[in-house]
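# Survey of secondary and tertiary structure
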Amino acid sequence: AGREEEEKKEGLIEFYDSFKDMFEFFCKNTTIHGTIRLVCSDSNRMKTAFWTLLLLASFGMLYWQFALMFSQYWAYPVVLTMSMHSEPKMFPAITICNLDPYRFELVSEHLVQLDRMAEESIAFLYGINTSASLFHVNEKNIHVKDLSTAGNLSRSSFKLSQNFSLLRMPDPNNRSEKKHSESVGFRLCNATGGNCFYKTYSSGMDAILEWYRFHYMNVMSQLPVIVNISDHEEQIEDMVYSCQYDGEPCRPSDYVHFHHPVFGSCYTFNSKGTDSFWTATKPGIPYGLSLILRAEQKDHIPLLSTVAGVKVMIHNHNQTPFLEHEGFDIRPGIATTIGIQQDEVNRLSGNYGKCTTNGNDVNVKLLYNNSYTLQTFWLIQSFMPSLFSIFFQHIMVRKCGCGYYYYPLPPGAEYCDYNKQPAWGHCFYQLYNRLRNHHLNCFDQCPKPCRESLYKVSAGTAKWPSAKSQDWIRQALRHQNGYNSTSNRRDIAKVTIFYQQLNYKSVNESPLLSENLLLSSMGSQWSLWFGSSVLSVVEMFELLVDTLALSLLFCYQRFRSKKTLKVARTPTIPS
């Protein structure tokens, strides 16, 4: 019998005589450390109990560590890795504006009336007569073709409101006893004339500018939404006297022209970033973009644009140039050199973070427009920097019943006009304060881009042209570009934008705990607590299958034995 037991072969499923035999066989043959001690110490109950508790504690610690790892994995943490690269790359998009907005003929009468209101307000506040020095200087109205009918309708229906007068009042934020502790502002009320508040500024200059812009938006809302200004007589030569990139002259296809209602006539160079002409192969000033610009202010709308010079913004390709929030001003009579250092950020999407690749997965409907619009050329460009503005515009239309003039309109909406919506200013400033205080949940609905290029700039300035060279430089510009200077003031500026170096830093997000690392950590924990491998898990699965099969076999045998006993006890019926 002993020899038969030794010669007993291991089958696919072991049919043991009892669960004890099965468990002994498993403990003697498994690769899990410590289990054999349960069999070898069966004569010593204390050791058996000790090793049983030790194995159970090891199992508990193992699965506790597993729970910690899975909870960390399902939190989807990320780690930042930074790398340096050096290679030729595309020059960024450059937008320049002359800070000289147009006076459109369709609304010129209203703008003249607004200037008179501003004169009266400044005289009332400060007792200064500005009519001779500030307004009506070199006015030049821009005529837009085929819109005379709309212009007549605009003139007949729109009237500037007198309900938003500038007032001086005690400054509630200034508790000192200084003499000049007053603030300046104007009052805004809701549709019923209640819930009024004052939009105030401690600086009278800021108050006047904001008051003027508020009326200006109502005036400009009378213009058609789409105004084609591409055929206007102004050409790039009127603003850009010289343009060179990498020592080569710029081409007509290298820029796009648009008009900004505050910053005037603007040009974007290398807007799409697809032309190999703009590939930067060398760093340094000689290989950058060099511009000689007209920085003269024609005083079209002096209270709307109080800065003389040029607005410059460096941004990504196909990106909206939101000049209200970014960019910097170039002084006339100055040569400015701007060095660029690029950084690249790559974010993870999905479970690891909320970012978007092209904006198609954003809940906010993008307000793109394939035509030049008077308010926003930029909506034919990229989605990301405009998401906040578009999100705000959707809320503005829903809450206030009209759209903010500086942002594009959703379908079926119209721009705000206090002749039609008298309380839109009250609604707008309250919404804007909520947006500024992060109460509109914009960050939840306006995710960051998954891939983003950031530009760090450093600038240096010098007087240009110098006293000894200005005569011949002006003569050369006059001969070549028809430049005409009628005063001694500085009315030209030079800008050079270049890569300081072609090395750039790339910051990438990567999962802190990937699937491979999770499996590796689980194997390490399993090996730590049991000194075993994946095959040991297979052995435990085999034990589970054997236990299930043996349980079914015992149940079947018990059922058969009960049936046999019942048949044996059945009495015989005589024939």
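Along each chain, the written sequence defines residue order, and numbers are assigned to residues from 1. The predicted nature of this model means local features are confined to residues of pLDDT at least 70 and side-chain atom pairs, given and counted, to a pLDDT of 80 or more, with totals for whole chains, interfaces and linings taken over all residues. Only hydrogens and water are set aside when side-chain values are computed; all heavy atoms of the structure are taken into account.

The name an unreviewed UniProt entry assigns to the protein chain is Amiloride-sensitive sodium channel subunit alpha, from the organism Phoenicopterus ruber ruber. UniProt positions are given in the numbering used here, feature names are shortened, and annotations may be inferred rather than shown by experiment. Under the heading Catalytic activity (unreviewed entry), UniProt records this for the protein chain: "Na(+)(in) = Na(+)(out)". Comment text from UniProt for the protein chain, heading Subcellular location (unreviewed entry), reads "Cell membrane".

Attention shifts here to the packing of helix α5 (residues 108-126) against helix α7 (residues 204-220). The description of two helices packed together rests on the angle between their axes and the distance between the axes. Close contact between α5 and α7 brings their axes to 11 Å; oriented N to C, the two are set at 160°. Put simply, α5 runs roughly antiparallel to α7. α5 and α7 meet at a crossing whose hand is right-handed. Listed contacts from α7 to His110, Leu111, Leu114, Asp115, Met117, Ala118, Ser121, Ile122, Leu125 and Tyr126 of α5 are Gly204, Ile208, Trp211, Tyr212, His215, Tyr216 and Val219. Residue classes in the contact of α5 with α7 are distributed as 12 nonpolar, 4 polar and 1 charged. Note on method: axes are straight lines fitted to C-alpha atoms, helices fitted across the in-contact stretch only, with angles between N-to-C directions ranging 0 to 180 degrees. In DSSP terms, a helix is any run of H or I states spanning at least four residues, a strand is any run of E spanning at least two, and both are numbered starting from the N terminus. Note on terminology: angles under 35 degrees are roughly parallel, angles over 145 are roughly antiparallel, angles of 65 to 115 are roughly perpendicular, and the others are oblique. Handedness of a crossing is defined here by the sense of rotation of the near helix relative to the far one, left-handed for an anticlockwise turn of less than a right angle and right-handed for a clockwise turn. Contacts are assigned to residue pairs that have any heavy atoms within 4.5 Å of one another. The classification used treats Ala, Val, Leu, Ile, Met, Phe, Trp, Tyr, Cys and Pro as nonpolar, Asp, Glu, Lys and Arg as charged, and all other residues, Gly among them, as polar.

A word on the UniProt feature "transmembrane region" (unreviewed entry) in the protein chain. The positions UniProt marks with the feature "transmembrane region" (unreviewed entry) are residues 53-76. Between the first and last C-alpha atoms of residues 53-76 the distance is 35 Å; the span itself is 92% helix and 0% strand.

Right, let's talk about the side chain of Lys199 for a bit. For Lys199, the position within the fold is in strand β8 (residues 197-201). Setting aside anything within four residues of it in sequence, one finds Lys199 in contact with Val184, Gly185, Phe186, Leu188 and Tyr429.

In what follows, a disulfide is any cysteine sulfur pair within 2.5 Å. What the rule picks out here adds up to 6 disulfides. Each sulfur of the disulfide joining Cys189 and Cys196 lies 1.9 Å from the other. Its torsion about the S-S bond being 110°, the disulfide of Cys189 and Cys196 is classed as right-handed. Residue classification places Cys189 among the buried positions, given a relative accessible area of 17%. Cys402 shares a disulfide with Cys416; S-S distance 2.0 Å. On the S-S bond that ties Cys402 to Cys416, the torsion sits near 90°, and the link is right-handed. Of the two residues, Cys402 is situated in the loop between α8 (387-400) and α9 (424-436) and Cys416 in the loop between α8 and α9; the sequence distance between them amounts to 14 residues. Grouping residues by exposure puts Cys402 and Cys416 together as buried. Counting its disulfide-bonded cysteines in sequence order, the protein chain shows a connectivity of 1-6, 2-3, 4-5, 7-12, 8-11, 9-10. For each residue, the accessible area found with a 1.4 Å probe, counting protein chains only, is set against the maximum for its type, and the residue is called buried under 20%, exposed over 50%, and partly exposed in between.

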